[in-house]
Amino acid sequence: AKPRELRAVNADGLSDSENSSEDSDLQAERLLAATTPAANARELVEVLQARMPNGEELEQEAGLFLQKIKESERAGSIARKERERRRRRVLVEQQREQELLEEGKLEEVLLEKLGRQSAEEKAIGYNVWKTLRYEDIIVKNRHMRQQQYVARRKADQQEALRRDQEIRLEMMRSIEEQQERE
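Residues numbered from 1 in each chain as written. Predicted model: local features only at pLDDT ≥ 70, side-chain atom pairs only at ≥ 80, totals over all residues. Heavy atoms only, no water.

Some words on the overall build of the protein
Part 1 of the argument: Along the protein, the regular secondary structure elements total five helices and zero strands.
Part 2 of the argument: Across the protein, helices and strands are ordered from the amino to the carboxyl terminus as α-α-α-α-α.
Part 3 of the argument: Within the protein, the fraction of its 182 residues that count as buried is 2%.
Part 4 of the argument: Roughly 17500 Å² of accessible area belongs to the protein as shown, and the carbon and sulfur atoms make up 54% of that amount. (Helix = DSSP H or I, 4+ residues; strand = E, 2+ residues; numbered from the N terminus. Buried < 20%, exposed > 50% of the residue type's maximum accessible area, 1.4 Å probe, protein only. Areas by Shrake-Rupley, 256 points an atom, 1.4 Å probe, with all protein chains shown as cover.)

Written out as structure tokens, the structure reads:
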């Protein structure tokens, strides 16, 4: 049982080795290095099966691979949580600084105003402010009531139109029924 030799033939009918002997020699060496020596198909299958890892090795490889994936996921999760924690801490610090800055400015403004106004001016100013707020609320309430009245009138008109349509349709049906009877 002598192994058969296969040769590639190009469109001219010449083998590749006849076209370029150097390329052919390199290809042949690569092909021989990659081939498995076997006298028949059964021997080839046995050699290939012997090279393949057994079930236990495959399970170990799969276990290691899954373990690496889990470790990578854990590390990614931990890093993500750490980044989120740092981001939240920075945001909280920025918010705290902003609040302190705003409080400081508000205090300055208030102290300046209080220094300029007397107690009576403050009381009068507060009463004026309160009166203006009450007026604003009354105007807004009146406007809201007007909108509700308009919406209710519109809904009532729509309901009346719908009832009129129903009555008209009923009358048309009864007229048609009378005409059919006659």
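Regarding the pattern of salt bridges
Part 1 of the argument: All told, the structure shown has 11 salt bridges when counted by the stated rule.
Part 2 of the argument: One salt bridge connects E82 with R86, and the closest N-O pair in it is separated by 3.8 Å. Taken together, the residues span about one helical turn, with E82 and R86 both in helix α4 (residues 55–116) at a distance of four residues.
Part 3 of the argument: D136 is paired through a salt bridge with R133; the nearest N and O atoms lie 2.8 Å apart. Linking D136 with R133, this pair stays in helix α5 (residues 119–181), spanning three residues, or about one helical turn.
Part 4 of the argument: Taking the relative accessible area as the measure of exposure, R133 reaches 34% and is therefore partly exposed.
Part 5 of the argument: When salt bridges that share partners are traced, they join E159, R162, R163 and E166 into one network. (Salt bridge = Lys/Arg side-chain N within 4 Å of Asp/Glu carboxyl O.)

Comments concerning α4
Part 1 of the argument: Here α4 spans 90 Å end to end across 62 residues, near enough to the 92 Å set by a 1.5 Å rise per residue.
Part 2 of the argument: N-capping of α4 is provided by N54, with a side-chain oxygen placed 3.2 Å from the backbone N of E56. (Expected span 1.5 Å × (residues − 1). Polar contact = N/O pair within 3.5 Å; in protein donor to acceptor, adjacent residues only side chain to side chain.)

Brief notes about a nonpolar patch on the surface
Part 1 of the argument: Side chains of L106, L110, L111 and L114 sit close together on the surface and give an oily, nonpolar patch of about 400 Å² of accessible area.
Part 2 of the argument: Relative to the helices and strands, L106 resides in helix α4. (Patch = residues over 30% accessible without salt bridge, like charges linked within 9 Å, V, L, I, M, F, W, Y side chains within 5 Å.)

Structural notes on the confidence of the model for the protein
Part 1 of the argument: Residues of the protein with pLDDT of at least 70 account for 88%, and the chain-wide mean is 84.
Part 2 of the argument: Model confidence for the protein, summarised as mean pLDDT per element, is weakest for helix α1 (residues 16–19) at 50 and strongest for α5 at 93.
Part 3 of the argument: The model gives residues 5–17 a pLDDT under 50, and that stretch makes 11 contacts with residues more than four places away or in other chains. (pLDDT = per-residue confidence, 0-100. Contact = heavy atoms within 4.5 Å.)

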